[in-house]
Amino acid sequence: MNEFLTQFLIESREFVEQATEGLLVLEQSPHDAERLDSVFRAFHTLKGGAGIVEFAAMERAVHAAEEILSSARSGKHALTPTLVGDCLACLDQVIRWLDVIEQTGELPSSPAESRADDTWLAEMLDSNPDVRARVTTALQFIPAPDCFYQGEDPLARVTSLPELLALEVEPVVAWPSLNSLDPYQCNLVLTALTAASMSEVTEHMQGHSGTCEIRAIGTGQIAPQDWVLPSQAREILSAQRDLLAHATPANFAGFIASAGLTAENVLRSCAHPEAAAIVAQATQKSLAESSSDSLRISIAQLLSSKPAALTENARPSVKPEAAAQTLRIEAARVDALVRLTGELTVAKNAAGHVAKLAQEEGNALAGVLKERHSVLSRLIAELQESVLAMRVLPLRSVLQRFPRVVREMSANLGKPLKLEIEGDDTEADKAIVEMLFEPLLHIVRNAIDHGIESPADRAARGKPSTARIQIRAARQGDQVLLEISDDGGGIDLERVREVAKARGIATEEDLRSMSETDIIDLVFAAGFSTAAKVTELSGRGVGMDAVRTAVERIGGRVSVESRAGHGTNVRFSLPFSVMMTDVMTVEAGGQMFGVPLDAIVETVSVPKTAIKGIGAAQAIVLRNRTIPVFDLASVLALREATPNDTAATIVITTMAGHLGGLRVDCIGERLEVILKPLDGLLTGIPGITGTTLLGDGRVLLVLDIGELLQ
Amino acid sequence: MDPQKTILVVDDASLVRLYYRTALEGAGFHVVEAMNGLEALEKLLILPVHLLVVDINMPHMDGLTFLEAVRRKNRELASIPALVTSTESAAADFAAARAAGANYYLVKPIDQAKLVQFAGMLCGVPR
Amino acid sequence: MTVRLTTEGTIELEGSCSSDEAEALLQHVLATPNATVDWRGCEAAHTAVVQVLMAAGPKILGPPVGVRLEKWVQPMLAANMPK
């Protein structure tokens, strides 16, 4: 091996490592400018090195990733986890190349590896003339060598492509002698032609490992590949678009024909014969239809394309105007709008308050005021709905991180895994989507670490060697339902009982009277962990209580269901939008508080005698159920002893399936409020979930029943 | 090996025509000259042309009038890419050239390297 | 077992062959180099298994009963066999 290659190998491996580390950090914090810089420089240097040893394929591959990072650096495009994945996939390929160089002592020259961008495509189309006319999308898929360990089956994936027309499979490097063949290293490159659309194919290939190039063929669609369009070329193309916009009936044909030919020529001179051919077709179409649309759309697509190893393509029916249907808006502006709407709601409540006062005072204007107020109310409610809809995101933005998580855990633990995600286009408020990652991560980790058995155990139980994790999301009314299921061993009830006893979470008696559901629910208790060994991956296993807290804080619910030996289901029920809360106001110790309405089961007024003392605690019996009663004012440390009234007003609340009673001085009214989360001084106070402003200007503290009654 | 492309240079200044010819022939193009729009129209009828490099200010028939006429001809002639050159650089001048059917516009003086570069792209010759 | 050596010395692939069986198949092929692979009863085969077949290039007795195997994988194997 010549000295350049030796040096190139050493340096490249270093930079790949540097880039990988940086990318993994960027996946979590995409705005770390320093890190982005260093990753960009690493790729840039890799590209330079490839240039020096004249390794064109690597130069091209690394360049594509470099463009992604450059875009992110200049703030033009955000660095999404998908893009990070693409960059990582590029590094996977580089490593494979470096390995080959190390083994063979020279640059890879096998057909699959040093293939120029378009050669595979042209060859594939040539060798399948009988289906050529029907092909709309072509792909070349090189799975990662360790994909089998991640539970992937590349052949199955590709042979199940919609409308598959042709398939060719070849080895990446020539097969070694059978004696030294590692059957679990994937050494294949799969090339396929289909009649499906590019976006169908892209979606079908989602979540795979390795690299996948997808090209649209001959339907007037242009596949954005690693575009290297020099700026002059862009200027010329842009000028053609302008020219077309100024065509008049007199010179129409001439304008279209010359603009089309010019665009075609530019593309040919920049070594993009494919794109040139498509533009030529678009020109013909435009001339035939006497409309510049086809050609203008073609050119627009060329100008807006970005370099990437795998990107989606616009459908043929998309006109340039369609782009204006979405706007990019800074999240801060939407948040400001939400705050403003919240304040409008408070103002509306204030007006309502005045209307009521007017009525009570017998003011002549009372009736009119009431009417106006209800109109205002309706309008504000509509505004609020629209504004909150702006904050809505598809769950995909949080779920798409999981294939990588599962992939890595599967490799680390040696457990083959398959992750299925359904309904990731289900939408929910930004606050919910953002808060979901940690809890979901914990649950998935638990499932993989503790729920799913080792391959040996699974084989012994007759289970498929590849374990399955499903994440399903769906909208139901005003709730978003999310379910995470695995086909592992389920929750070991006996162990839960043992641990609960050992950690003082429940006594033997308690356990005896608990139903299976209740016992399973114990995993959510603070201080609980059934990990025989605290692994680095799942942490301490005590996170389930943090999961429940996080979910309930935004007004959701989480529960667990287990089927012994067959698997576990964790279910989330989350509000579609967070902001409005129904509360009931109550008075206790001379102050007013808000109790979230969905925590209230009912309110009762009982004679003082109905309150029984049980040790230091108090309880009432309601419909044969014993419900503990707490004096709200005492709990909130507003007064020492319970007053000696003849009757007591008790608000029966429910939290996590348990009933509790709150004794209050009196009950107020129902209000719909926008809850402001706690900040500043109030954050440390237990039992308060947030505040809101009342119509008369008072601040209402809204209680967190769960926290309060713990 | 791509067949040689022919460029028709239309400019009333012989020095300019010589300057362009030297640059373009050096880059492998076949060059034909015309002194004004009328002569250019005649030349178009004689042999196939792949690119027009047209100056605006010329006697007898200026560049834009010539271009308008070309764009109204039969498909083959009307589709020839046209690079318009002029000493003027105001927006109105760009717009006028575009309205006449110019595919690109360069402000004079144009150095030889730039001319060759753009000519190459407009003709479809690899860089 | 969905990959087995029959008494006649052929290697039979039957039903659904998972990735785990790739190793077994390779061992069989190494042990009986001239054996024919009979996959007529094969419904599905993981890529790892097919890969072994590609690398080993044995004589194959088909067609496999699995639709996708018969339509796509069998022709692909045939195309890859050394002439």
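Residues numbered from 1 in each chain as written. Chains lettered and ligands numbered in written order. Predicted model: local features only at pLDDT ≥ 70, side-chain atom pairs only at ≥ 80, totals over all residues.

Visitor: Is there a simple way to explain the overall build of chain A in this structure?
Guide: Helix and strand counts for chain A come out as 24 helices and 22 strands. Burial statistics for chain A: of 710 residues in total, 39% are counted as buried. In chain A, the proportion of contacts linking residues at least 24 apart, taken out of those at least 6 apart, comes to 67%. (Helix = DSSP H or I, 4+ residues; strand = E, 2+ residues; numbered from the N terminus. Buried ≥ 20, exposed ≤ 12 C-beta atoms within 10 Å, placed from the backbone. Contact = placed C-beta atoms within 7 Å.)

Visitor: Quick question: what am I supposed to make of the interface of chain B and chain A here?
Guide: Interface size is commonly expressed as the accessible area that is lost once the parts come together. Taken together, the 24 residues of chain B in the interface contact 25 residues of chain A. Every element with two or more residues in the side of chain B that touches chain A is listed here: α3 (63-71), α4 (75-78), α5 (91-100) and α6 (112-123) of chain B. In terms of residues, the side of chain B that touches chain A owes the most to one element, α6 of chain B, which gives six residues. Along the lines of polarity and charge, the residues of the side of chain B that touches chain A split into twelve nonpolar, six polar and six charged. (Nonpolar A, V, L, I, M, F, W, Y, C, P; charged D, E, K, R; others polar.)

Visitor: Could you clarify how one ought to interpret the sheet that holds strand β1 (residues 6-10) of chain B in this entry?
Guide: The strands making up a sheet associate through backbone hydrogen bonding, with each pair oriented either parallel or antiparallel. Residue and element names in this part refer to chain B. What the five strands build is an open sheet, ordered β2-β1-β3-β4-β5; its pairing is parallel. In this open sheet, the two strands that pair with only one neighbour each are β2 (30-34) and β5 (104-107). The sheet shows a mean angle of 20° between the axes of neighbouring strands, direction not considered. As paired strands, β1 and strand β3 (residues 51-55) are joined by four bridges and run parallel to one another. Counted as the bridge partner of Ile7 is Leu51 from β3. Contacts from helix α1 (residues 14-26) reach β1, β2 and β3, with the element oriented near 165° to β2. (Pairing = 2+ DSSP bridges. Axes fitted to C-alpha atoms, helices over the stretch in contact; angles between N-to-C directions.)

Visitor: What am I meant to see in the interface of chain A and chain C here?
Guide: At the interface, 20 residues of chain A touch 21 residues of chain C. Within the residue set of the side of chain A that touches chain C, elements represented by two or more residues are α6 (154-159) and β2 (164-171) of chain A. The class makeup of the residues in the side of chain A that touches chain C is 14 nonpolar, four polar and two charged.

Visitor: Would you explain the sheet that holds strand β3 (residues 188-194) of chain A in this entry?
Guide: Residues and elements named next belong to chain A. Strand order across the open sheet formed by four strands is β2-β3-β1-β4, with antiparallel pairing between neighbours. Whereas interior strands pair on both sides, the edge strands pair on one side only; in this sheet they are β2 and β4 (211-216). For this sheet, the mean angle separating the axes of adjacent strands, direction not counted, is 10°. Where strand β1 (residues 137-142) and β3 come together, five bridges link them in antiparallel fashion. When the sheet's bridge partners are listed, Thr137 is paired in β3 with Thr194.

Visitor: What should I look at first to understand the pairing of β1 of chain B in this one?
Guide: For a regular strand, the rule is simple: side chains alternate between the two faces of the sheet. Most of β1 of chain B sits inside the fold, with four of its five residues counted as buried. Handedness of the crossover is the feature at issue here: the chain leaves β1 of chain B, passes through α1 of chain B, returns alongside β2 of chain B, and the resulting connection is right-handed. (Right-handed = clockwise from strand over helix to strand, strands pointing away.)

Visitor: Would you explain helix α4 (residues 81-104) of chain A in this entry?
Guide: Along an α-helix, a turn takes 3.6 residues, which lines up residues three or four apart on a common side. Given a rise of 1.5 Å per residue, 24 residues ought to cover 34 Å, and the 35 Å separating the end C-alpha atoms of α4 of chain A matches this to within 8%. Once α4 of chain A ends, the next one or two residues include Gly105 of chain A, with phi positive near 80°. (Expected span 1.5 Å × (residues − 1).)

Visitor: Before we go on, may I ask you to explain the confidence of the model for chain A in this structure?
Guide: All names here are of chain A. In this model, chain A carries a mean pLDDT of 80, and residues with pLDDT of at least 70 account for 87%. Confidence over residues 306-324 falls short of pLDDT 50; this stretch has 40 contacts with residues more than four positions distant or in other chains. pLDDT under 50 marks residues 531-542. Its contacts with residues more than four places away, or in other chains, come to 21 contacts. (pLDDT = per-residue confidence, 0-100.)

Visitor: Looking at this structure, how should I read the packing of α3 of chain B against α5 of chain B?
Guide: Each pair of packed helices can be described by the angle between their axes along with the distance between the axes. Residue and element names in this part refer to chain B. Two numbers describe how α3 lies on α5: the axes approach to 8 Å, and their chain directions differ by 30°. With respect to α5, the axis of α3 lies roughly parallel. Side by side, α3 and α5 meet where Leu64, Leu67 and Glu68 of the first sit next to Ala96, Ala97 and Ala100 of the second. Across the contact of α3 with α5, the residue classes tally to five nonpolar, no polar and one charged. (Parallel < 35°, antiparallel > 145°, perpendicular 65-115°, else oblique.)

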